Amino acid sequence: MSTPSHLRIVILAFSAAIGLATNPVFAFDRDDLVIKIAGENAELAGILERTSSVVQALNDDRTSPIELIAAARSEYRQMLGALYAQAHYSPIISVTVNGLEVSEISPLHEPDSVKAITISIQPGPIFKFQTAKIGPLTPQTDIPGGFETGKTATVSSIKSAASSSISAWRSAGHAKAEITDQNIVADHESNHLDVDITITPGPRLKFGDLNITGNKDVRSDRIRIIAGLPVGAVYNPTEIEQSATRLRRTEAFASVTFTEAENIGPQNSLPIELTLTEERPRRVGFGAELSSVEGFGTNAYWLHRNLLGGAEQLRFDFEIDNIGATDAENGVDYTFSTNYGKPAAFGTDKDFYTQLVIAREDEPSYLSDTIDLEAGMTRIVSNELQWQIGGLYRIGDIQDAFGDRQYQLVGSPFEVTWDTRDAPLNATQGTYINTNLVPFLGINDIDNGLLLTFDGRKYLALGEEKSTVLAGRVQFGTLAGPDSDSAPPDYLFYAGGGGSVRGQPYQALGIGEIDDMIIGGTSYLALSGEIRATVRGNFGAVAFYDAGYVGDEAFLQGEGSWLSGAGLGLRYQTGFGPLRADIAFPVSGTPDDASQFQIYIGIGQAF
């Protein structure tokens, strides 16, 4: 009988100290821990190495004789589980310490030192499914393809089949579905596995009473409305997940836990327990950004998460921009705003909002003082989609190339947002789309019109480790109705600067100039692309290109001009988002007096 070939893998070396200080110390070399696997299977060898209790003990620097022997004893269970997961159901496993099988070493007479550990494994053949039965099933059950006759009989495929079957029953209202019998037999002569699993669905249930505990300041009646759990409707676990998401979205709770009752209630109802931990009611925050041309900007906010006991939010924001801007015509901007929001004010997923914004914009093209008062409803359709509609009243005072004007307008902003990004400050995959439509009526010195803006972003991670990300952005805007001389200046479009075309001066491009003041256009298109790569550890690098267009007629119908810029950047990942430092250079369409480069520093990716 031929001896099986062995793949010998040297894992780690360690030393062990034994006895008192007067006793000798035994040191381990790298060859003193050996794993031998019959057959040339490098993939299996890697799996077993990562599973090994002894290897884990050495990685954790647990190298005393007691700890190593305990790890060696647990090796049988660890290796057996790993081999079963790979469909090896007839392995032979040997674990020796100092040449003795560790299972035969008495706990009362353990060696004082560990000189060698050897793990020898004969995996045996791979088993296939001969019988793969599970049931009864719902018509909607989707059994993974690996659980069928002739396929490799891995433990994971059995678990996936059982999990999928139970999940399908629960989604159909059978919350207490469970496995009540399982018969799994390995035929070692034919290397086959027979699996027969029986599921008992139990009765179809409906949501019973929602019992709330843990809340102190947020009222239970408001919690029920916000959660929106459909008491009396057929049970579905998705409804519980959505209710938890709604409560977390308010930011009033540090933890949200739903628990199904163990016992079925009257008339096949299932009571639900909701346990909450409330957040601290108040929060403050701040941010900052720096540009070599636009200067320094900073913002701060104060937030109350539960103003009136119904998870209402009250927030005050203050922002200052363009501090120390190198362009003398670009003055300091101030914005103060207060926002109030009441979740589920009009029913579950229908929130009320109102905000007051007082702003001064001292731009190269105009000086504007405005007061905006807006109120409306936000409808949350899903975790990814929401829309918002409201009413707007504005009072404004303008100084621009067309003179001094005081105006008023009323409008009805309508906004739709679709967001599937994995992380807003540092997205690596997903899509973001925001569209804003504002029809408005000018009360004096402003013509009636319609403002439309669009912002679309797409992210794609490359490779298994997703260390490289491609990011693209498209911005579009149009103003229909008024011309440039009869529109609010902040409803007009300019290109250039950190949020538009990096490398170009802020608002460098419009549709012309009057008395050295740039006139904004009524059409806008901007394109941005980035390649983001992880360099090492928390450090990353970015290469980017931006281009922007401003036109003199709505919907890009008239004449216009382009400008573009490109550059490189560094990123450092932190717990709250990446720190960003970019240097950008103008490429085309640059004004004659523009700087040769721009520098931008901030928190979070550029988009």
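Here, every reference points to the structure presented above.
This text gives an overview of the structure that appears in the document. These numbers were taken from a predicted model, which means no experiment stands behind them. (Residues numbered from 1 in each chain as written. Predicted model: local features only at pLDDT ≥ 70, side-chain atom pairs only at ≥ 80, totals over all residues. Heavy atoms only, no water.)

Our focus in this paragraph is the overall build of the chain. Looking only at helices and strands, the chain has six helices and 32 strands in total. For 607 residues, the compact-globule estimate of 2.2 N^0.38 gives 25 Å, and the C-alpha radius of gyration of the chain, at 33 Å, exceeds that figure by more than 25%. Taken over the C-alpha atoms alone, the chain extends approximately 100 × 65 × 50 Å along its principal axes. In the chain, buried positions account for 42% of the 607 residues. Long-range contacts, defined as pairs at least 24 residues apart, comprise 57% of the intrachain contacts of the chain with a sequence gap of at least 6. Carbon and sulfur atoms make up 53% of the accessible area of the chain, which amounts to about 30100 Å² in all. Taking the 44 positively charged and 76 negatively charged side chains of the chain as two groups, their mean positions are separated by 10 Å. (Helix = DSSP H or I, 4+ residues; strand = E, 2+ residues; numbered from the N terminus. Rg over C-alpha atoms; globule rule 2.2 N^0.38 Å. Buried < 20%, exposed > 50% of the residue type's maximum accessible area, 1.4 Å probe, protein only. Contact = heavy atoms within 4.5 Å. Areas by Shrake-Rupley, 256 points an atom, 1.4 Å probe, with all protein chains shown as cover. Lys, Arg positive; Asp, Glu negative; His and termini not counted. Charge placed at Lys NZ, Arg CZ, Asp CG, Glu CD.)

With that settled, consider the nonpolar core. Proteins that are soluble and globular tend to have nonpolar side chains buried together. Membership of the largest hydrophobic core comes to 26 residues, with the highest contact counts inside it found for Leu48, Val54, Val97, Val102, Ile117 and Ile121. The element best represented in this core is helix H3 (residues 65-85), accounting for seven residues. In this structure, leucine 48 is in contact with Ile37, Met79, Ala82, Leu83 and Ile121, ignoring residues within four places of it in sequence. Residues Ala175, Phe253, Ala261 and Ala311 belong to the second largest nonpolar core, which totals 25 residues. (Core = buried A, V, L, I, M, F, W, Y, C linked by side-chain atoms within 4.5 Å.)

So, about the packing of helix H1 (residues 42-51) against H3. For the pair H1 and H3, the least separation of the axes is 9 Å and the interaxial angle reads 140°. Between H1 and H3, the crossing angle belongs to the class labelled oblique. Viewed along their axes, H1 and H3 form a crossing whose handedness is right-handed. Residues Leu44, Leu48 and Thr51 of H1 form the contact with H3, whose own contacting residues are Glu75, Gln78, Met79, Ala82 and Leu83. (Axes fitted to C-alpha atoms, helices over the stretch in contact; angles between N-to-C directions. Parallel < 35°, antiparallel > 145°, perpendicular 65-115°, else oblique. Left-handed = near helix turned anticlockwise from the far one by under 90°.)

All of the buried residues along helix H5 (residues 220-227) are Arg222, Ile223, Ile226 and Ala227. An end-on view of H5 places all buried positions within 130° of arc, on one side of the element. Check the buried side of H5 and you find it contacts strand E11 (206-213), helix H6 (237-249), strand E12 (253-260), strand E13 (269-278) and strand E17 (333-342). Following H5 by one or two positions, glycine 228 has its phi on the positive side, about 65°. (Arc of directions from axis to C-beta.)

Within the element layout of this structure, serine 564 appears in strand E30 (residues 560-574). Residues within four places of serine 564 in sequence aside, it is in contact with Val501, Gln504, Tyr545, Asp546, Ala547, Pro586, Val587 and Ser588. Among the polar contacts made by the side chain of serine 564, one reaches the side chain of serine 588 at a distance of 2.6 Å. (Polar contact = N/O pair within 3.5 Å; in protein donor to acceptor, adjacent residues only side chain to side chain.)

A surface patch of negative charge is lined by Glu513, Asp515, Asp516, Asp592 and Asp593. Checked against the element boundaries, aspartate 592 lands in the loop between strand E31 (577-588) and strand E32 (598-603). Taking the relative accessible area as the measure of exposure, aspartate 592 reaches 84% and is therefore exposed. (Patch = residues over 30% accessible without salt bridge, like charges linked within 9 Å, V, L, I, M, F, W, Y side chains within 5 Å. Salt bridge = Lys/Arg side-chain N within 4 Å of Asp/Glu carboxyl O.)

Below, the discussion takes up the sheet that holds E11. The strand order across the open sheet formed by three strands is E11-E13-E12, and the pairing between neighbours is mixed. Each edge of the open sheet is held by one strand with a lone partner, namely E11 and E12. Pairs of neighbouring strands in the sheet enclose a mean axial angle of 20°, with direction left out of account. Here E11 runs beside E13; their pairing, made up of six bridges, is parallel. (Pairing = 2+ DSSP bridges.)

Next up on the list: the sheet that holds strand E8 (residues 128-135). Strand-to-strand pairing in sheets goes through backbone hydrogen bonds, with the strands running parallel or antiparallel. Strand order in the open sheet formed by three strands is E8-E10-E9, with mixed pairing between adjacent strands. The open sheet has two edge strands with one neighbour each: E8 and strand E9 (178-187). Neighbouring strand axes in the sheet, compared pairwise and without regard to direction, differ in orientation by 5° on average. Judged from the nine bridges that link them, E9 and strand E10 (residues 192-200) form a sheet pairing that is antiparallel. In the strand pairing of E10, isoleucine 184 is matched with valine 195. Running over the sheet, helix H4 (residues 155-171) touches E8, E9 and E10 and is turned about 15° from E10.

Let us look at the pairing of E13. Of the pairings in the sheet, the one linking E12 to E13 comprises seven bridges and is antiparallel in character. Of the residues in E13, the one forming a bridge with threonine 259 is glutamate 273.

Turning to the environment of serine 595, a few remarks are in order. For serine 595, the location among the structural elements is in the loop between E31 and E32. Considered as a pair, serine 595 and glutamate 241 are 354 residues apart in the sequence and their alpha carbons are 53 Å apart.

Between H5 and H6, the least distance of the axes is 8 Å, while the angle of their chain directions is 120°. Judged by the angle between their axes, H5 and H6 are oblique. Of the residues in H6, those touching H5 at Ile223, Ile226 and Ala227 are Ser243, Arg246 and Leu247. In terms of residue class, the contact of H5 with H6 is made up of four nonpolar, one polar and one charged. (Nonpolar A, V, L, I, M, F, W, Y, C, P; charged D, E, K, R; others polar.)

To continue, consider the pattern of salt bridges. It is possible for side chains of opposite charge to pair when their charged atoms get near one another. All told, the structure shown has 20 salt bridges when counted by the stated rule. A salt bridge links aspartate 317 to arginine 315, with the nearest nitrogen and oxygen atoms 2.8 Å apart. The closest approach of N and O atoms between arginine 457 and aspartate 455, which form a salt bridge, is 2.8 Å. Via salt bridges that share partners, Arg502, Glu530, Arg532, Asp546, Arg571 and Asp582 belong to a single interconnected network.

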